[in-house]
Amino acid sequence: DSSRLLVYDRASGEASHAVFRDIEKWLRAGDVLVLNETKVIPARLYGVKRGGSARFEFLLLKQLDGTHWDVIMKPGKRLRPGQYVDFAEGLRAQLVRKKEDGVCEVAFEYTGNFYQLLDRYGHTPLPPYIAGGQDQKEKYQTVYARQEGSAAAPTAGLHFTPELLGRLEQKGATIVRVLLHVGLGTFRPVKEDDIEKHIMHAEYYEITEAAADTINCAKAEGRRVIAVGTTSVRALESAAGRDGMVTAGSGETDIFIYPGYTFKVVDAILTNFHLPKSTLLMLVSAFAGREETLRLYNDAVTKKYRFFSFGDAMLIV
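The structure presented is a predicted model; accordingly, all values stated were derived computationally and were not measured.

How each quantity is defined
- Residues numbered from 1 in each chain as written.
- Predicted model: local features only at pLDDT ≥ 70, side-chain atom pairs only at ≥ 80, totals over all residues.
- Heavy atoms only, no water.
- Helix = DSSP H or I, 4+ residues; strand = E, 2+ residues; numbered from the N terminus.
- Rg over C-alpha atoms; globule rule 2.2 N^0.38 Å.
- Buried < 20%, exposed > 50% of the residue type's maximum accessible area, 1.4 Å probe, protein only.
- Contact = heavy atoms within 4.5 Å.
- Areas by Shrake-Rupley, 256 points an atom, 1.4 Å probe, with all protein chains shown as cover.
- Lys, Arg positive; Asp, Glu negative; His and termini not counted.
- Charge placed at Lys NZ, Arg CZ, Asp CG, Glu CD.
- Pairing = 2+ DSSP bridges.
- Patch = residues over 30% accessible without salt bridge, like charges linked within 9 Å, V, L, I, M, F, W, Y side chains within 5 Å.
- Salt bridge = Lys/Arg side-chain N within 4 Å of Asp/Glu carboxyl O.
- Core = buried A, V, L, I, M, F, W, Y, C linked by side-chain atoms within 4.5 Å.
- Expected span 1.5 Å × (residues − 1).
- Arc of directions from axis to C-beta.

**Considerations on the overall build of the protein chain**
Item 1. What the protein chain contains, in helices and strands, is seven helices and 17 strands.
Item 2. A globule of 317 residues ought to have a C-alpha radius of gyration of about 20 Å, and the protein chain, at 20 Å, matches this closely.
Item 3. Looking at the protein chain residue by residue over its 317 residues, the buried ones come to 52%.
Item 4. Long-range pairs, those at least 24 residues apart, make up 67% of the contacts in the protein chain with a sequence separation of at least 6.
Item 5. Accessible surface computed for the protein chain: about 14,700 Å², of which carbon and sulfur atoms make up 47%.
Item 6. Seen as two clouds, the 41 positive and the 40 negative side-chain charges of the protein chain have centres 6 Å apart.

**Considering helix 6 (residues 279-288)**
Item 1. For helix 6, a buried count of 10 out of 10 residues is recorded, marking the element as mostly surrounded by other parts of the structure.
Item 2. Positioned one or two residues after helix 6, Gly289 has a phi angle of 100°, which is positive.

**What to know about the side chain of Thr253**
Item 1. Note that Thr253 resides in strand 15 (residues 249-253).
Item 2. In this structure, Thr253 is in contact with Leu180, His201, Ala202, Glu203, Tyr205, Arg234 and Ser238, ignoring residues within four places of it in sequence.

**Considerations on the pairing of strand 10 (residues 103-110)**
Item 1. Burial of strand 10 is extensive: six of the eight residues sit out of reach of the surface.
Item 2. Taken together, the five bridges between strand 7 (residues 68-74) and strand 10 define a ladder with antiparallel strand orientation. Note that in strand 10 the partner of Val71 across the bridge is Cys104.
Item 3. Across seven bridges, the pairing between strand 9 (residues 91-98) and strand 10 is antiparallel. From the neighbouring strand, Leu91 faces strand 10, where its bridge partner is Tyr110.
Item 4. Linking two consecutive strands that pair antiparallel, namely strand 9 and strand 10, is a turn of four residues; a positive phi of about 65° is found at Asp101 within it.

**Observations regarding a negative patch on the surface**
Item 1. Taken together, the side chains of Glu192, Asp193, Asp194 and Glu196 define an acidic patch exposed on the protein surface.
Item 2. With respect to the helices and strands, Glu196 occurs in the loop between helix 3 (184-187) and strand 13 (203-207).

**Re the environment of Gly102**
Item 1. Along the chain, the position of Gly102 falls in the loop between strand 9 and strand 10.
Item 2. Overall, Gly102 belongs to the partly exposed group, its relative accessible area being 44%.
Item 3. Separated by 165 residues in the primary sequence, Gly102 and Asp267 place their C-alpha atoms 36 Å from one another.
Item 4. In this structure, Gly102 is in contact with Val71, Ile72 and Met73, ignoring residues within four places of it in sequence.

**A few points about the nonpolar core**
Item 1. Leu6, Ile207, Ile215, Val233, Leu236, Val266 and Met314 are the most contacted members of the largest nonpolar core, which totals 40 residues.
Item 2. Element by element, the count of residues in this core is highest for helix 6, at six residues.
Item 3. Residues contacting Leu6, with those up to four places away along its chain left out, are Ala15, Ser16, His17, Phe273, Leu296, Ala300, Tyr305, Ala313, Met314 and Leu315.
Item 4. The next biggest cluster of nonpolar side chains, apart from the first, holds 27 residues, and it includes Ala43, Phe56, Met73 and Cys104.

**Quick notes on helix 7 (residues 290-302)**
Item 1. In this model helix 7 runs 18 Å from its N-terminal to its C-terminal C-alpha over 13 residues, within 8% of the 18 Å that 1.5 Å per residue would give.
Item 2. Buried within helix 7 are the following residues: Thr293, Leu296, Tyr297, Asp299 and Ala300. Around the axis of helix 7, the buried residues are gathered within 160° of arc, so they sit on the same side. Those residues of helix 7 that are exposed and aimed more than 90 degrees away from the buried face are Glu291, Asn298, Val301 and Thr302.
Item 3. Where the residues of helix 7 are buried, they touch strand 1 (4-8), strand 2 (15-19), strand 16 (268-272), helix 6 and strand 17 (313-316).
Item 4. Backbone geometry just after helix 7 places Lys304 at a positive phi near 60°.

Below, the structure is given as structure tokens:
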């Protein structure tokens, strides 16, 4: 919570600069703060091709059923369907098929509990620019992370401490938790010249009846819904009807939000600073306006804000 915070008011066009722990200055009693309670799993595994010496890295993206997963495999050309990679005693995977965009479907075979084996042999998929390696893995979880399943952290939430969340509740803000497991859809860059041709990979989301009721009540009463992170935005907007009411449920979403999109639920967004050509930056541009977003980013660069996962934050109201 000692990170910096850039606050942009869309109505006035004014930007101000603060420290994240002071975010309560911009929150009101009655606001609904929506958190994504997904938890990062040790989703990176290293193994050796059975019967050979070729080494492989698997990044687990999404569980398809009890044993089948979508993964990104490196190197991608040195394994054929039907062949195995051994990770450790009692844990191995067979390549089922190669799908589009570098994604492979694999079937895990194991002895014991899969998630216990993953905890023992897997590595937290920290971004390569984070110094300290696995020593930083505890910092790569939000304090409210509960449900395992993500290949990356919903990083806007990393700024919150339990004490700060408590202060926001004392001020009268209501905290609601939704779920979106971060996978390839979130962090795959846009490579198409025509962004409408970009295909988002589906990610699992879940919104409870209690969460939907709280959000819908706030909307009906004219209170603000503030999404913490782009993943919370995508979960809410995926579950919303044209009337802005959120329907409880779970499923897969491949929603792609870019300039021209009309937001149905979200009134404010808390987010970090994102990479060029990312769907995350396009979502922010859809909310704040493309030219305003570029201006804010230029201002952040000039003032030496930190970007990316362990970077500084921006609140757009």
